[in-house]
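Working through the structure, step by step
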Amino acid sequence: MSNNVDNTTNEKEQASGRRQFLGWGAAMAGLAIAPGITLFDLAHGRAPEEAASSKVRWGMLIDSGKCATGCDDCVSACGTENGFSGKLETDSQWIRKIELKDMRNGNSHSLPMMCQHCENPPCVDVCPTGASFKRADGIVLVDRHICIGCRYCMMACPYKARSFVHEELHDQNPDVPRGKGCVESCTLCVHRIDRGGQPACADACSAAGHNAILFGDLNDPNSEISKRVASSATTQVRADLNLNVGVRYQGI
Amino acid sequence: MNFEAFNKIEERAFYALVAALGLVVLFGLGAAHYMETHGHIVTGMNNQIVWGLPHVFALFLIVAASGVLNVASIGSVFGKTIYKARAPLSGLLAIAMLAGGLTVLMLDLGRADRLIVAMTHFNFKSVFALNVILYTGFFAIVATYLWTMMERKMYGYSKYVGFAAFIWRLALTTATGSIFGFLVARQGFGSALLAPMFIIMSFSYGLAVFIVVQSFMYAWVGMKLDPAILRRMKNLLATFVGAVFYFTIVYHMTNMYFAKQWAFERFILLEGGVFTSLFWIGQILIGTFIPLAILLHPTLGKKSRAVFLSALLIILGAFAQLYVLIIGSQAFPLDLFPGMQQSSSFFDGAIHAYHPSLPEFLLGMGGIGIALLLTTVAVRVLRFIPQDDFRQISKEMLTD
């Protein structure tokens, strides 16, 4: 009987030792991987050879309550980042500030408007050559090599988000190739995203202290943007078209 | 005047006509080159009005190209003799006008040099890409159709190829109308009605062009069109003009029924300035009421000059209609936030202005020049002038 008791005690001790070893092992492994995971979480960057993943859906949440009337820091930042300026009818404007006034109660709002990075983009549907395309991570782009400049996408876009380059360009940002005779629009600063950054407009808005533009992964339930989209009422502009846009608004 | 002297004068006149048309084409190509090197900054188009005057010309030519083939279809498919005699000219005009229209469309591209890209990269969800295939096929089918009509050995196939061309043409114009019909964003477009409306517009524009060209050719050689044939053709033209008018009413009535479209309708019909004037004076008065009054008038309608004049007015009205439809619909701002007053540096909420420039006009005229030049040369080298067999016609008239 006592033998039996001893055996049981031994087995218990051995099992506890194994558990301890496994526990320590797991902790060590966790410690080794953690910085990598943390860095990945912080940066979202990916290697150049790695393709964009559909597990991610980049998007923005714009709080018009925080967006100041008269401030156009996001617009200037976009121009500086992507290499354009000017407000003529023929000038490119990837982002613009719209001032709204409710005709029923007189309330006014201010908000930035840009490509809404639709899940079902009309510009991609109508493009004859396939130059307008949606990347796996939800960013809608124009392939400058096969855009023939027919402007059908501009006719199709419900947000007037696209611009046509009407004249020769100089002093371009090498990260953002643009060209006369092609159509272009907000790229969500894809070159920054691929390096782990966020769009210039969102940075500029934070720098100005407004924090009206929140950028993030709509597919990640733990991201701040997903949490806010889940917890508060947000709006899709022209929701009637059912395009499931990547840019959401709050406060309108 | 003896025959030889007439021949000499006629030859000179022919070369003068070819030279004049060649000059128009040259000016068009020059304008395209100017636009290509400087960019669209030299045109009246901008980021608000993205399709302008070149598209009005191109659309007219493409829509009329499909419609002008109607004359051949009535002959081959529906077996009417007087139209059969006109089938070759109708096929020729269809090819020539499509060539003119597509040239304008292509030369207006931001990157016209990338035509090869457009021919090798296809997004089959795009109705534009579908149109590229339909246009190319149209050339092939109508060219084959002309061959079966002009080569004695191929006569037997004419009816079948004619039928294929008829179906193809309906598909083509449906797709042309759908370029606008599939645009969900803009209030003037986004309606399935545009597809059948474009088909009936093509019937009207095409027949008007045919009558103008035929009258010109008959006057050139000093022939006179038989009054019975004239009566048939002008009655058909009046029917088509009436049908376009009917579709126009239905289009606007539908819009007026939807509260969200009221502002747009008010713009086009009442407050749109040049667009309102072009609608009421251009499309409705000059392009519809006056030609209908002439064509249906008991005495005027029998005069070939009056019929010629109404066909010209219908063409003018067609330009007005396309201008209002294509440019007017872009001039009205997109309504992103219904019920809100909108303003921005990108002209949100504002009526967009469009001032067509000379290069755009010259490019458009160049397209018409190409169509007419191709027709003039082809008519000279091959037998395209309608020759009527009156024994057959009188038999047909009795049975109708």
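You'll find the structure just up there.
Our subject in this report is the structure included herewith. Model, not experiment: these values are computed from the prediction. (Residues numbered from 1 in each chain as written. Chains lettered and ligands numbered in written order. Predicted model: local features only at pLDDT ≥ 70, side-chain atom pairs only at ≥ 80, totals over all residues.)

Let's shift gears to the overall build of chain A. Of regular secondary structure, chain A possesses seven helices and nine strands. A buried classification covers 40% of the 252 residues belonging to chain A. Counting contacts in chain A only where the partners sit at least 6 residues apart, residues at least 24 apart contribute 63% of the total. (Helix = DSSP H or I, 4+ residues; strand = E, 2+ residues; numbered from the N terminus. Buried ≥ 20, exposed ≤ 12 C-beta atoms within 10 Å, placed from the backbone. Contact = placed C-beta atoms within 7 Å.)

What follows is about the overall build of chain B. Helices and strands together make up the secondary structure of chain B, namely 15 helices and one strand. By the compact-globule yardstick of 21 Å for 400 residues, chain B fits well, its C-alpha radius of gyration being 22 Å. The C-alpha extent of chain B, read off along each of the three principal axes, is 70 × 45 × 40 Å. Burial status across chain B gives 48% buried among its 400 residues. (Rg over C-alpha atoms; globule rule 2.2 N^0.38 Å.)

All right, on to the packing of helix α2 (residues 53–68) of chain B against helix α14 (residues 358–381) of chain B then. For any two helices packed against each other, one specifies the inter-axial angle together with the distance between the axes. All names here are of chain B. Between α2 and α14, the shortest axis-to-axis distance is 7 Å and the interhelical angle comes to 20 degrees. One element, α2, and the other, α14, form an angle in the roughly parallel class. Seen from above, α2 lies across α14 with right-handed handedness. Judged by residue contacts, Leu 53, Pro 54, Val 56, Phe 57, Ala 58 and Leu 61 of α2 engage Glu 360, Phe 361, Leu 363, Gly 364, Gly 367, Ile 368 and Ala 371 from α14. Grouping the amino acids of the contact of α2 with α14 by side-chain chemistry returns ten nonpolar, two polar and one charged. (Axes fitted to C-alpha atoms, helices over the stretch in contact; angles between N-to-C directions. Parallel < 35°, antiparallel > 145°, perpendicular 65-115°, else oblique. Left-handed = near helix turned anticlockwise from the far one by under 90°. Nonpolar A, V, L, I, M, F, W, Y, C, P; charged D, E, K, R; others polar.)

What follows covers the packing of α2 of chain B against helix α8 (residues 158–181) of chain B. Residue and element names in this part refer to chain B. Relative orientation of the contacting elements α2 and α8 amounts to 155 degrees, with a least axis distance of 9 Å. Judged on the interaxial angle alone, α8 and α2 are roughly antiparallel. With respect to the hand of their crossing, α2 and α8 are arranged in left-handed fashion. The segment α2 lies against α8, with Ile 62, Val 63 and Ser 66 engaging Arg 169, Leu 172, Thr 173 and Thr 176. When its residues are assigned to classes, the contact of α2 with α8 shows three nonpolar, three polar and one charged.

Attention now goes to the interface of chain B and chain A. The interface is formed by 40 residues belonging to chain B together with 45 residues belonging to chain A. Elements supplying a minimum of two residues to the side of chain B that touches chain A: α6 (115–120), α7 (127–150) and β1 (340–344) of chain B. The element contributing the most residues to the side of chain B that touches chain A is β1 of chain B, with five residues. Its residues placed into classes, the side of chain B that touches chain A shows 19 nonpolar, 16 polar and five charged. Of the strand pairs in this sheet, strand β2 (residues 95–102) of chain A and β1 of chain B are connected by five bridges, and their pairing is antiparallel. Note that in β1 of chain B the partner of Glu 99 of chain A across the bridge is Ser 343 of chain B. (Pairing = 2+ DSSP bridges.)

We now examine the nonpolar core. Among the nonpolar cores identified, the biggest contains 183 residues, and Phe 60 and Leu 61 of chain B are the most heavily contacted of them. Non-local contacts of Leu 61 of chain B, meaning those with residues more than four positions away in its chain, are made with Met 97, Gly 100, Gly 101, Val 104, Gly 367, Ile 368 and Ala 371 of chain B. (Core = buried A, V, L, I, M, F, W, Y, C linked by C-beta atoms within 7 Å.)

With that settled, the discussion passes to the sheet that holds strand β3 (residues 108–114) of chain A. An order of β3(A)-β2(A)-β1(B) is seen for the three strands of this open sheet, with the pairing classed as antiparallel. Only two strands of the sheet have a single partner each, and these edge strands are β3 of chain A together with β1 of chain B. Between one strand and the next, the sheet's axes are offset by a mean angle of 30 degrees, whatever the strand orientation. In the packing of helix α2 (residues 73–82) of chain A onto the sheet, contacts are made with β2 and β3 of chain A, and the angle to β2 of chain A comes to roughly 160 degrees.

With that settled, consider helix α11 (residues 262–271) of chain B. All names here are of chain B. Within the sequence span of α11, burial applies to Phe 264, Glu 265, Phe 267 and Ile 268. One face of α11 carries all of its buried residues, which in axial projection span an arc of 155 degrees. Of the exposed residues in α11, those oriented more than 90 degrees away from the buried face are Trp 262, Leu 270 and Glu 271. Buried residues belonging to α11 abut α10 (227–257), α12 (274–296) and α13 (304–331). Of the residues flanking the end of α11, it is Gly 273, one or two places downstream, whose phi is positive at about 60 degrees. (Arc of directions from axis to C-beta.)

Examined against the element boundaries, Lys 224 of chain B turns out to sit in the loop between α9 (194–221) and α10. For Lys 224 of chain B and Ser 304 of chain B, which are 80 residues apart along the polypeptide, the C-alpha to C-alpha distance reads 9.0 Å.

All right, on to the sheet that holds strand β8 (residues 213–217) of chain A then. Backbone hydrogen bonds are what pair the strands of a sheet, in a parallel or an antiparallel way. Residue and element names in this part refer to chain A. Strand order across the open sheet formed by three strands is β8-β1-β9, with mixed pairing between neighbours. A strand with exactly one partner marks an edge of an open sheet, and here the two such strands are β8 and β9 (247–250). For this sheet, the mean inter-axis angle between neighbouring strands, taken without regard to orientation, is 20 degrees. Where strand β1 (residues 58–63) lies against β8, five bridges are found, and the strand directions are antiparallel. Paired with Met 60 across the two strands is Phe 215, which belongs to β8. Against the sheet, helix α7 (residues 224–231) makes contact with β1, β8 and β9, and its axis sits at roughly 110 degrees relative to β8, the strand it touches most.

Before going further, it helps to spend a moment on the environment of Leu 312 of chain B. Within the secondary structure, Leu 312 of chain B sits in helix α13. Separated by 160 residues in sequence, Leu 312 of chain B and Arg 152 of chain B place their C-alpha atoms 35 Å apart.

All names here are of chain A. One non-glycine residue, Asp 171, adopts positive backbone phi at about 50 degrees. Of note, Asp 171 is situated in the loop between β6 (163–164) and β7 (183–184). Phi at Asn 211 is positive, roughly 50 degrees, even though this residue is not glycine. Turning to its location among the elements, Asn 211 is positioned in the loop between α6 (200–207) and β8.

Residues and elements named next belong to chain A. Across seven bridges, β2 lies against β3 in antiparallel orientation. Its bridge partner lying in β3, Leu 100 is registered against His 109. If you look at the hairpin formed by β2 and β3, you'll find five residues sitting between the two strands, and Gly 106 has a positive phi there, around 80 degrees.

A few words on the environment of Tyr 218 of chain B. All names here are of chain B. By secondary structure assignment, the location of Tyr 218 is in helix α9. Given 16 C-beta atoms within 10 Å, Tyr 218 falls into the partly exposed group. Along the sequence, Tyr 218 and Ile 249 sit 31 residues apart, while their C-alpha atoms lie 36 Å from each other. Residues in contact with Tyr 218, not counting those within four places in the same chain, are Met 223, Lys 224 and Leu 225.

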